[in-house]
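What follows is each chain in one-letter form.
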Amino acid sequence: MGRWAIAVHGGAGVDPNLPQQRQEEAKLLLTRCLNLGISALRSDRSAIDVVELVVRELESDPLFNSGRGSALTAKGTAEMEASIMDGHGRRCGAVSGLTTVKNPVSLARLVMDKSPHSYLAFSGAEEFARQQGVEVVDNEYFITEENLGMLKLAKEANTIVFDYRIPVAGLETCSAGVESPLLMNGLPISVYSPETVGCVVVDSEGRCAAATSTGGLMNKMSGRIGDSPLIGAGTYACNICGVSCTGEGEAIIRGTLAREVAAVMEYKGLDLQEAVDYVIKERLDEGQAGLIAVSNKGEVACGFNTTGMFRGFATEDGFMEVGIWE
Amino acid sequence: MGWAIALHGGAGDIPLTLPTERRVPREAALRHCLQIGVDALKAHKSALDVVELVVRELENNPHFNAGRGSVLTSGGTVEMEACIMDGNTKRCGAVSGLTTVVNAISLARLVMEKTPHIYLAFDGAEKFAREQGVENVDSSHFITPENIERLKQAKEANRVQMVGRIGDTPIIGAGTYANNLCAVSATGKGEAIIRGTVARDVAALMEFKGLSLKEAAAYVVEESVPRGNVGLVAVSAKGEVTMPFNTTGMFRACATEDGYSEIEIWPSVQN
């Protein structure tokens, strides 16, 4: 028997001035999700079940940018995407352009388990959701007051704001719109806050899995697909490791970031943390991103070149950590 | 060093008994598209321009599953997707769910060059196409009698493409990849290519394991993807070319600067 390990994230690239209360809320949510995953692992649930379970929880909580609390399109709607991969057999499923499915990650799982395909999008994915009888809700369910406020700000700035989300109440304190030396996607970090969510797990049988879910970019054009649903970019798992990425989607796609971690382990013989460090350092070009990873040996690793990343880890030997900053 | 070009028109269970009337026009199309690419290379057009030019030509040809001649969804509609990547800069663009855009590949290039994004799909991609003023037509343009017949057979065999299905083609690292070492385009069973991250793996084996282009491509086709599922064409920065597949056949053609040229469907040498 191997050792289980779990890692979760709620996005990379955090405003250094993020209000303390919000930081505490994020840590509480990450801790709750870790505990949920840990008890599932202790009850011998498989890695694929656990990543789905944990990401569902992250989607259902409005704090991060996925499911309820998703960033909004230019039209003010939520358009969500997610993917999941089981390293055991390298099976995978992905969805994009969801507008009514309460838990996109679970529909991605159904694409993997119940369809002949790996990836369904937009009306075809919604139709599949109906056939499968997953829980659907009105698009309004996903839309929070905070995000309506941020969309308005984004429109006033006349820009696509990448994956950001900060509380309206905190605007004054975190100085949205004020010139900041820290930029992501050309935007001040104060209005950038990615908060895509993800989870990676290795279970006690050494099976790795990964899942990632997002609402995408604030004020995005309808139809924009980011890295989260793309196998090899935002999400990847094989028999060696499981990886979930977050950050500037286009840089992650170009760098096939999640697959790279596995590729340098497989083809270069690096260990997990070396692989994560190598990929963050060498494979991101100018881009900014972060990722979490587990290996089949029960190791966890994290890497990011952003200011901060919402993340949490736990391993079978009792190690547990939740953090935001370096 | 020298230029090299390889193109494909799909890999799969192409029967050795393919009727002449179906074989001949496809061979002619491969030859025609190859020639267009070779001429463009001789005129010193960039690799990026040449791949776009050649794929446009393949899209316009009704005998391949792209543009006119696209395979139909279970709803009898076309939903086209495409992807382009510049190995020099690793910039890339992709589109899915197109129903009216004549040349999906050119829209993918516009996504790369004119948006901050890489990938646009469905209504959003169509809307972007309108904004960019690319040529569009009624969907019926893409639907050929041969594919209507094929859909009927596929439905009987209960093997249809669901509406909204995205395959490997538009996914960077799966169906398409290019960097400073090589460029790869894969074809076959999309789901197997996605989980095998086939195109990136060829490049990764060269980059991380030091394999040659031929070795890397052969490894991926033989070891990473189950038999009957994949074919790919690839070129290296050194001007090499390789076109392995583990399916019955693959419509393919290649040429290199030193005068080598090949247009084939089935294995050229029986192993």
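Procedures and definitions
Note on numbering: residues in each chain are counted from 1, in written sequence order. Labels follow written order: the first chain is A, the first ligand is 1, and so on. The predicted origin of the model limits local features to residues at a pLDDT of at least 70 and limits the giving and counting of side-chain atom pairs to 80 or more, whereas totals for whole chains, interfaces and linings rest on all residues. Values reported for side chains reflect all heavy atoms of the structure, with hydrogen atoms and water molecules removed beforehand. UniProt positions are given in the numbering used here, feature names are shortened, and annotations may be inferred rather than shown by experiment. The aromatic pairing rule takes the rings of Phe, Tyr and Trp, using the six-membered ring of Trp, and pairs them if the centres are within 6.5 Å, calling planes under 30 degrees apart stacked, those over 60 edge-to-face and the rest tilted. Note on conventions: DSSP H or I runs of at least 4 residues are helices, E runs of at least 2 residues are strands, and numbering of each starts at the N terminus. Type-normalised accessible area, obtained with a 1.4 Å probe on protein chains alone, sets the label of each residue: buried when under 20%, exposed when over 50%, and partly exposed for intermediate values. Each ring is checked for a lysine NZ or an arginine CZ that lies within 6 Å of its centre and within 35 degrees of its normal; such an atom marks a charge sitting over the ring. For two strands to be treated as a pair, DSSP must find no fewer than two bridges joining them. Axis lines are fitted through C-alpha atoms, for helices just across the contact stretch, and the angle between N-to-C directions can take any value from 0 to 180 degrees.

Per an unreviewed UniProt entry, chain B goes by beta-aspartyl-peptidase and derives from Morella rubra. According to UniProt, the comment filed for chain B under the heading Catalytic activity (unreviewed entry) is "Cleavage of a beta-linked Asp residue from the N-terminus of a polypeptide." Looking at the Subunit (unreviewed entry) heading of the UniProt record, one finds this comment for chain B: "Heterotetramer of two alpha and two beta chains arranged as a dimer of alpha/beta heterodimers."

In the nomenclature of an unreviewed UniProt entry, chain A corresponds to beta-aspartyl-peptidase from the organism Morella rubra. As its UniProt record puts it under Catalytic activity (unreviewed entry), chain A is described as follows: "Cleavage of a beta-linked Asp residue from the N-terminus of a polypeptide." Recorded in UniProt for chain A, the comment headed Subunit (unreviewed entry) runs: "Heterotetramer of two alpha and two beta chains arranged as a dimer of alpha/beta heterodimers."

Caption draft 1: Region of the structure containing the packing of aromatic side chains. Tallied over the entire structure, the rule returns 5 aromatic pairs over all chains. Measuring from centroid to centroid gives 5.4 Å for A:Phe64 and A:Phe310, while their planes differ by 50 degrees, and the two rings are tilted. Of this pair, A:Phe64 sits in the loop between α2 (47–60) and β2 (80–86) while A:Phe310 sits in strand β14 (residues 309–315), and the two are 246 residues apart along the sequence. The pair formed by A:Phe64 and A:Phe310 is uniform in burial state, with each residue classed as buried. Centroid distance B:Phe64 to B:Phe251: 5.8 Å. Interplanar angle 65 degrees. Geometry classified as edge-to-face. With B:Phe64 in the loop between α2 (47–60) and β2 (80–86) and B:Phe251 in strand β9 (residues 249–256), this residue pair connects regions lying 187 residues apart in the sequence. Residue B:Phe64 is classed as buried on the basis of its relative accessible area of 4%. Its guanidinium or amino end placed over the ring of A:Tyr141, A:Arg68 lies 5.8 Å from that ring's centre, counting from NZ or CZ.

Caption draft 2: Examining the sheet that holds strand β7 (residues 197–202) of chain A more closely. All names here are of chain A. Ordered in space as β4-β3-β2-β8-β7-β1-β14-β15, the 8 strands form an open sheet in which the pairing is mixed. Whereas interior strands pair on both sides, the edge strands pair on one side only; in this sheet they are β4 (119–121) and β15 (320–323). The average undirected angle you get between the axes of adjacent strands in this sheet is 5 degrees. Examined bridge by bridge, strand β3 (residues 91–98) and β4 share 3 bridges and lie parallel to one another. Following the sheet pairing, Ala94 is matched in β4 by Tyr119.

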